[in-house]
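Listed below are the residues making up each chain.
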Amino acid sequence: MKPHKISVIGTGYVGLSTALGFTTKDYSVIAVDTDKEKIEKINKGLLPFHEPHFQELLEKAIKTGKLSCVSTFEKAISDTDITFVTVGTPSQPDGNIDLQHIEKAACKIGKALQKKGTYHLVVIKSTVTPTTTETSLKHLIEKHSGKLCGPNFGLCMSPEFLREGSALSDVLHPDRIIIGEFDKKSGDTLEELLKEFYNKNTPPIIRTSLSTAELIKYASNAFLATKISFINTIANICEKISGADVALVAKGVGLDKRISPLFLNAGLGYGGSCFPKDIKALIACSKTLGYEPELLESVENVNKIQPLKAIELCKDLLTNLKGSHIALLGLAFKPHTDDMREAVSIPIINQLLKEGANVTVYDPVAIPNAKSIFKDKIKYAASAIQCLKKADCCILITEWDEFKKLKPEDFTKNMKKPILIDGRRIYNPNEFGKKLLFKAIGLGQ
Ligand code: UDX
């Protein structure tokens, strides 16, 4: 059987991960984007963001002609038989999902489908709130193509669960595949492609309605975010109890198979391109439907306050922030990425500046992104040690491996005052607590 020909609309994180994933096997992919500069970059084999393994994969895919990036939809639709839609669905200021990019993409897919004589499957991978695929996107494609969903083109909603920093492994070895389908033919076509791609390693596949698939994505992210706000709540309680340590509480709780130890790392809260916007969108969607999702609102509120715990702990040891020199280790919303979207480092830096502190930062890869946000309001160090020089206090924000290797002496020798706030629980309190003025999230003293 000839492998399916694939197109991907939108070359952001999800789009490029999807496209590059297919090129690891015998598939050719046409990617579409509206950003001319980005298209040029991709066609030269230059990755527009930081992600392990992707630079090599992209170079190979471009060299072998398995991936090409274009600006128009016509060729992408006419020359392929399955299109994955992976454009961004950001938040509006009120928290509601912003569907303008995906609705524009649906119109353009519709227009391009007009001229096509054969069956084409459209798969929505972008995160969209329940019923969007059926009530909005399907109608836009039908309207602009003059064709009927079902007999003329197929429609699926198959959410992605990619984690930044491990996108390749998540694409190649997903825990599960969700196929939300408009009709059986749409679902069969996508299942056939994915079984062909994963072969013996095909994970469990759940076939469902379009809106159930849409909700599975939100429910997954909301549950993980709930676990994080839950353990951060326990961490905040631990801090009030002498001798209590959230890291050990999480270990003890996580060994219960019904709970699992994953996503129970207490810290300064969750950030990134997904959790914050998806929780907001699910809350807004639920309210529109007439249900007040109090649990999710609490998850969000806990997370809003959590970054400022770093400053609270800092003030316990350093009475006056005004004029002090604070070193921040880590800027990205998590390790192995340069992504600073909704990173907790942003509210922490803003608050430190507001209170009159001088801020010096270091991150192995996120400094260029930080420069575009903070310009010359803060100082940028070239290494962790340089960042610590003459600082009155250090706050560990992102748990990069290179920070885990630092010893108490690295802090005592370089800082003006050896004050360390461990915002991600990477340092052993028994060791660091003896040699430094040390505070950590969830550590009762
Ligand atoms: C997440 C989901 O995991 C993924 O399935 C979805 O497709 C997109 O959103 P990602 O944003 O890449 O992926 O990051 P993730 O590893 O889930 O971490 C999200 C945030 O939670 C980070 O800021 C991280 O530091 C924080 N986190 C995670 C914790 O604070 N504690 C934990 O135990 C785990």
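Keep in mind that what you see is a predicted model, and the values were worked out from it rather than measured.

Draft legend 1. The arrangement of the nonpolar core in detail. Counting 64 residues, the largest nonpolar core has L329, I395 and F411 as its most contacted members. When sequence neighbours within four positions are dropped, the list of residues in contact with L329 reads Y362, A384, C387, L388, C394, I395, L396, I397, T398, F403, L406 and F411. Counting residues in each nonpolar core, the second largest holds 43 residues, with L99, I102, I141 and A222 among its members.

Draft legend 2. Focus on the sheet that holds strand 4 (residues 82-85). An order of 3-2-1-4-5-6-7-8 is seen for the eight strands of this open sheet, with the pairing classed as mixed. Looking at strand neighbours, the two that pair on one side only are strand 3 (67-70) and strand 8 (205-208), the edges of this open sheet. For this sheet the average axis-to-axis angle between neighbouring strands, irrespective of direction, equals 25°. For strand 4 and strand 5 (residues 120-124), the ladder comprises four bridges, and the chain directions are parallel. Counted as the bridge partner of I82 is L121 from strand 5. Its contacts with the sheet put helix 8 (residues 184-198) on strand 1 (6-9), strand 4, strand 5, strand 6 (153-157), strand 7 (177-181) and strand 8, and the angle it makes with strand 7 is roughly 160°.

Draft legend 3. Structural context of the side chain of D98. Relative to the helices and strands, D98 resides in the loop between strand 4 and helix 5 (100-114). No salt bridge is formed by the buried D98. Its closest oppositely charged neighbour is K104, at 8.5 Å. At 3.1 Å, the side chain of D98 forms a polar contact with the backbone nitrogen of Q100. Setting aside chain neighbours within four positions, we find D98 in contact with T89, P90, S91 and Q92.

Draft legend 4. Geometry of the pattern of salt bridges. Enumeration over the complete set of coordinates arrives at 28 salt bridges. Where D256 meets R258, a salt bridge forms, and the shortest distance between an N and an O atom there is 2.8 Å. You can call D256 partly exposed: its relative accessible area is 24%. By relative accessible area, R258 is classed as exposed at 76%. One connected set of salt bridges, linked through shared partners, spans E181, K184, D188, E191, K195 and R207.

Rules and cut-offs
- Residues numbered from 1 in each chain as written.
- Predicted model: local features only at pLDDT ≥ 70, side-chain atom pairs only at ≥ 80, totals over all residues.
- Heavy atoms only, no water.
- Core = buried A, V, L, I, M, F, W, Y, C linked by side-chain atoms within 4.5 Å.
- Buried < 20%, exposed > 50% of the residue type's maximum accessible area, 1.4 Å probe, protein only.
- Contact = heavy atoms within 4.5 Å.
- Pairing = 2+ DSSP bridges.
- Helix = DSSP H or I, 4+ residues; strand = E, 2+ residues; numbered from the N terminus.
- Axes fitted to C-alpha atoms, helices over the stretch in contact; angles between N-to-C directions.
- Lys, Arg positive; Asp, Glu negative; His and termini not counted.
- Salt bridge = Lys/Arg side-chain N within 4 Å of Asp/Glu carboxyl O.
- Polar contact = N/O pair within 3.5 Å; in protein donor to acceptor, adjacent residues only side chain to side chain.

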